[in-house]
Amino acid sequence: MRTVFGTLGAIIMAGSLFTMKVRELRTYALVELAFAVILAATTLFRLKNSILFEELLTIGAAIYVMIRGMDNFKKDFDERNAKEKPLEVGSSS
């Protein structure tokens, strides 16, 4: 039963996050960045004298999510700037 409800919860969460991404890309980007920073920090905090492969993968995943968050933030920034500055049609340089 836990598997069924856990899977349904994950699907609902994914749908909610996708809706947020479509409607509010900047907010979604900030959520991505916050999640990645927390994931990396908690993993690094738990490290002992050596790093295990699973911890290395987790840190790598956190870095990947940080990059995605930065990319989404840039996309939102570019979209907002494009809306503010309409292209001039027929102007000569």
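Use the structure listed above.
Cut-offs and rules
- Residues numbered from 1 in each chain as written.
- Predicted model: local features only at pLDDT ≥ 70, side-chain atom pairs only at ≥ 80, totals over all residues.
- Heavy atoms only, no water.
- Helix = DSSP H or I, 4+ residues; strand = E, 2+ residues; numbered from the N terminus.
- Rg over C-alpha atoms; globule rule 2.2 N^0.38 Å.
- Buried < 20%, exposed > 50% of the residue type's maximum accessible area, 1.4 Å probe, protein only.
- Contact = heavy atoms within 4.5 Å.
- Areas by Shrake-Rupley, 256 points an atom, 1.4 Å probe, with all protein chains shown as cover.
- Axes fitted to C-alpha atoms, helices over the stretch in contact; angles between N-to-C directions.
- Parallel < 35°, antiparallel > 145°, perpendicular 65-115°, else oblique.
- Left-handed = near helix turned anticlockwise from the far one by under 90°.
- Nonpolar A, V, L, I, M, F, W, Y, C, P; charged D, E, K, R; others polar.

S.K.: For this particular structure, what's the right way to read the overall build of the chain?
M.R.: From N to C terminus, the chain includes three helices and zero strands. Starting at the N terminus and walking to the C terminus, you meet the elements of the chain as α-α-α. Taking 12 Å as the expected radius of gyration for a compact globule of 93 residues, we find that the chain reaches 19 Å, considerably beyond that expectation. Along the first, second and third principal axes, the C-alpha atoms of the chain reach 65 × 40 × 15 Å. Looking at the 93 residues of the chain, the share that counts as buried comes to 15%. For the chain, contacts bridging at least 24 residues in sequence account for 66% of all contacts bridging at least 6. Accessible surface, the chain: about 7,800 Å² in total, of which carbon and sulfur atoms supply 67%.

S.K.: When you look at the packing of helix α2 (residues 25-46) against helix α3 (residues 53-84) in this model, what are you seeing that I'm missing?
M.R.: The description of two packed helices rests on the angle between their axes and on the distance between the axes. Where α2 meets α3, the closest approach of the two axes is 8 Å, and the angle between their N-to-C directions is 160°. In terms of orientation, α2 lies roughly antiparallel with respect to α3. In this structure, the crossing between α2 and α3 has a hand that is left-handed. Of the residues in the contact of α2 with α3, the class split is 17 nonpolar, four polar and eight charged.

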